[in-house]
Amino acid sequence: MEIFDKKSIEEIRALLQNAQKIVITAHLNPDGDALGSSLALYNFFKYGADCKVILPNNIPDTFKWMPGCNEILIYNEENAHFVTEADVIFILDFNTSARVDKMQKILEESAAVKIMIDHHPQPQEGLCKYVFSDPEAAATCELLYLFFDSCKYTINKDSATCLFTGLTTDTGCFQFNCTSQRTFEVASKLAAMPIDRAEIIHHIYDSYSEGRMRLQGYVLSNKMVVFEQYHTAYIALTKAEADKFDYRVGDTEGFVNLPLSIEHVKFSAFFMERDGIIRCSFRSKGDFKVNIIAEKFFNGGGHDNAAGGKSYKPLEEVVNRFVSLLPRITKKIQDK
Ligand code: 5GP
Ligand code: MN
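Residues numbered from 1 in each chain as written. Chains lettered and ligands numbered in written order. Predicted model: local features only at pLDDT ≥ 70, side-chain atom pairs only at ≥ 80, totals over all residues. Heavy atoms only, no water.

1. Details of the packing of helix 5 (residues 140-151) against helix 6 (residues 157-170)
At a closest axis distance of 8 Å, the pairing of helix 5 and helix 6 adopts a crossing angle of 145 degrees. Facing helix 5, whose interface residues are Cys 141, Glu 142, Leu 144, Tyr 145 and Phe 148, helix 6 presents Cys 162, Leu 163, Gly 166 and Leu 167. Grouping the constituent residues of the contact of helix 5 with helix 6 by class yields seven nonpolar, one polar and one charged. (Axes fitted to C-alpha atoms, helices over the stretch in contact; angles between N-to-C directions. Helix = DSSP H or I, 4+ residues; strand = E, 2+ residues; numbered from the N terminus. Contact = heavy atoms within 4.5 Å. Nonpolar A, V, L, I, M, F, W, Y, C, P; charged D, E, K, R; others polar.)

Given below as structure tokens:
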């Protein structure tokens, strides 16, 4: 089935032609795909309508080079009126309004026409007039490229750079299972544009701080706990430990994937104290679904192989609970 149906696309083209005020938003703790899709759209609109990207919280340093990043607004009382007054709001890389945290109420209440483009399963009903959701897509950036294509919009180099960034980060450099033939087709179209792929990869993967590299070494040698029987590994990091390595937002991005490089590990979890709550990240290999675990036990959700959640309990309690759940929740991957 076609995701971007002709009728909706025609309506949206007409809508955007007349829209005076456009707001673009993405999920809390934005990653490369959330920022990539938001800024790709922003760079497309920026010379036309009054367009603002408003995000619920901070942007990791790794992505501050992205074109348009300096113009992003972090949501607060002063800029809330943009959400209220918008004609059109794009909801990118998230599927439920709870994912924008403090912006939730104002987003729900805005009379703007809302358009969701996203790849998380089960989009919230009643939030958006137009919902373009495809959990088969590797990234929201993949879908956004198809949206531009359906609208017959020609994108500029900056938008292509942002789309390629999101595609790269959400696929782990095109290695995760979610990477499909279509992902490569979109990547190939972007690669045909005058973007600097080497520069993009350099910004994402060769620009870590010394602290982050040392923190990675520390968590792998001192903090990774492996349960062979459950094919599971987890890492739990306190704020004090992270601070010792000059922790900055984004520094632990990707840590949850590291234990999956061990041959027998099929399920990996990462827990970290951040902003007074415990952030939980889950990853898996194969058909072991972690979004179900995130949703059922950790107040979250996500994709089959990559999900997250949160807890307001102390770190130790969260970890103990996780460990106590393992015999039950890993039944599918246990050695019998
Ligand atoms: P990460 O582990 O990188 O924070 O998140 C992995 C995936 O899970 C992302 O696709 C993200 O959108 C989703 N996710 C992370 N945290 C939450 C959460 O608190 N609630 C929901 N519904 N999804 C989350
Ligand atoms: Mn995404």
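2. Some points on the coordination of the manganese ion (ligand 2)
The manganese ion (ligand 2) binds to the protein through Asp 33 (OD), Asp 93 (OD), His 119 (NE2) and Asp 170 (OD); the donor distances cover 2.2 to 2.3 Å. In primary sequence terms, the donor set of the manganese ion (ligand 2) follows D-x59-D-x25-H-x50-D. One end of the pair, Asp 33, is in helix 2 (residues 32-45); the other, Asp 170, is in helix 6, with 137 residues separating them in the sequence. By the burial criterion, Asp 33 is buried, and Asp 170 matches it. (Donors = N, O, S within 2.8 Å, 3.2 Å for Na, K, Ca; no water. Buried < 20%, exposed > 50% of the residue type's maximum accessible area, 1.4 Å probe, protein only.)

3. Describing the pattern of salt bridges
Throughout the structure, instances matching the rule amount to 14 salt bridges. Linking Lys 64 and Asp 61 is a salt bridge whose minimum nitrogen-to-oxygen distance equals 3.0 Å. Under the relative-accessibility criterion, Lys 64 is labelled partly exposed at 45%. The exposure class assigned to Asp 61 is partly exposed, which follows from its relative accessible area of 36%. Here Asp 275 makes a salt bridge to Arg 274, at a shortest N to O gap of 3.9 Å. (Salt bridge = Lys/Arg side-chain N within 4 Å of Asp/Glu carboxyl O.)

4. Quick look at the packing of aromatic side chains
Two aromatic rings, taken as a pair, are described by how far apart their centres are and by the angle between their planes. Under the counting rule described, the total for this entry stands at 26 aromatic pairs. Pairwise contacts between aromatic rings join Phe 227, Tyr 230, Tyr 234, Phe 267, Phe 271, Phe 282, Phe 288, Phe 298 and Phe 322 into one cluster. Cation over ring: Arg 212 sits above Tyr 208, and NZ or CZ is 3.7 Å from the ring centre. Here the guanidinium or amino end of Arg 321 rests over the ring plane of Phe 298, the centre of that ring lying 5.9 Å away. (Phe/Tyr/Trp six-rings, centres within 6.5 Å; stacked < 30°, edge-to-face > 60°. Lys NZ or Arg CZ within 6 Å of the ring centre and 35° of its normal.)

5. Some thoughts on the pairing of strand 2 (residues 50-55)
Pairing of strand 1 (residues 21-26) with strand 2 involves four bridges; the strand directions are parallel. The residue of strand 2 that forms the bridge with Lys 21 is Asp 50. For the segment spanning strand 1, helix 2 and strand 2, crossover handedness is right-handed. Relative to strand 3 (residues 73-74), strand 2 is paired through two bridges, and the arrangement is parallel. What sits directly across from Leu 55, in strand 3, is Ile 74. (Pairing = 2+ DSSP bridges. Right-handed = clockwise from strand over helix to strand, strands pointing away.)

6. A closer look at the domain arrangement of the protein chain
As far as domains go, the protein chain holds domain 1 (6-205) and domain 2 (212-334). One C-alpha centre belongs to domain 1, the other to domain 2; they are set 27 Å apart. Between domain 1 and domain 2, the residue contacts involve 10 residues of the former and 11 residues of the latter. There are one salt bridge connecting domain 1 and domain 2. Where domain 1 packs against domain 2, one counts four residue pairs in polar contact (both at pLDDT 80 or more). Taken together, the residues that form the side of domain 1 that touches domain 2 break down as three nonpolar, six polar and one charged. (Domains from an automatic or database assignment. Polar contact = N/O pair within 3.5 Å; in protein donor to acceptor, adjacent residues only side chain to side chain.)

7. A short note on helix 12 (residues 315-329)
Its 15 residues give helix 12 an end-to-end C-alpha distance of 20 Å, which sits within 8% of 21 Å, the value for a rise of 1.5 Å per residue. Of the residues making up helix 12, those classed as buried are Leu 315, Val 318, Val 319, Phe 322, Leu 325, Leu 326 and Ile 329. Next to the buried residues of helix 12 lie strand 7 (224-227), strand 8 (232-237), strand 9 (267-274), strand 10 (277-284), helix 11 (290-297) and strand 12 (306-311). (Expected span 1.5 Å × (residues − 1).)

8. With respect to the site of ligand 1
Near ligand 1, the surroundings consist of 13 residues, among which Arg 99, His 120, Ser 281, Arg 283 and His 303 are the closest. The side chain of Arg 99 places a nitrogen or oxygen atom 3.0 Å from an oxygen atom of ligand 1. In this structure, an oxygen atom belonging to ligand 1 sits 2.9 Å away from a side-chain N or O atom of His 120. A total of 490 Å² of accessible area belongs to ligand 1 in isolation, and the protein chains cover 82% of it. Going through the elements one at a time, strand 10, strand 11 (301-302) and strand 12 are the ones with two or more residues in the shell around ligand 1. Sort the elements by how many residues they give to the shell around ligand 1 and strand 12 lands first, with four residues. Its residues placed into classes, the shell around ligand 1 shows two nonpolar, eight polar and three charged. (Near = heavy atom within 4 Å. Areas by Shrake-Rupley, 256 points an atom, 1.4 Å probe, with all protein chains shown as cover.)

9. Observations concerning the sheet that holds strand 11
Strands pair in a sheet through their backbones, by hydrogen bonds, and they do so in one of two ways: parallel or antiparallel. Spatially, 7-8-9-10-12-11 is the arrangement adopted by the six strands of the open sheet, whose pairing is mixed. Each edge of the open sheet is held by one strand with a lone partner, namely strand 7 and strand 11. Two elements, strand 9 and strand 10, share eight bridges in a ladder whose sense is antiparallel. Bridged to Phe 270 within strand 10 is Ser 281. In the packing of helix 9 (residues 210-223) onto the sheet, the strands contacted are strand 7 and strand 8, and the crossing angle to strand 8 comes to about 125 degrees. Sheet contacts for helix 11: strand 9, strand 10, strand 11 and strand 12; angle to strand 12, the most-contacted strand, approximately 15 degrees.

10. Comments concerning unusual backbone geometry
In the Ramachandran plot, Asp 93 falls in the positive-phi region, its phi being about 65 degrees despite a non-glycine side chain. Turning to its location among the elements, Asp 93 is positioned in the loop between strand 4 (88-92) and helix 4 (104-109). The backbone phi angle of Asp 246 is positive, close to 55 degrees, even though this residue is not glycine. Take Asp 246: it is sitting in the loop between helix 10 (239-244) and strand 9.

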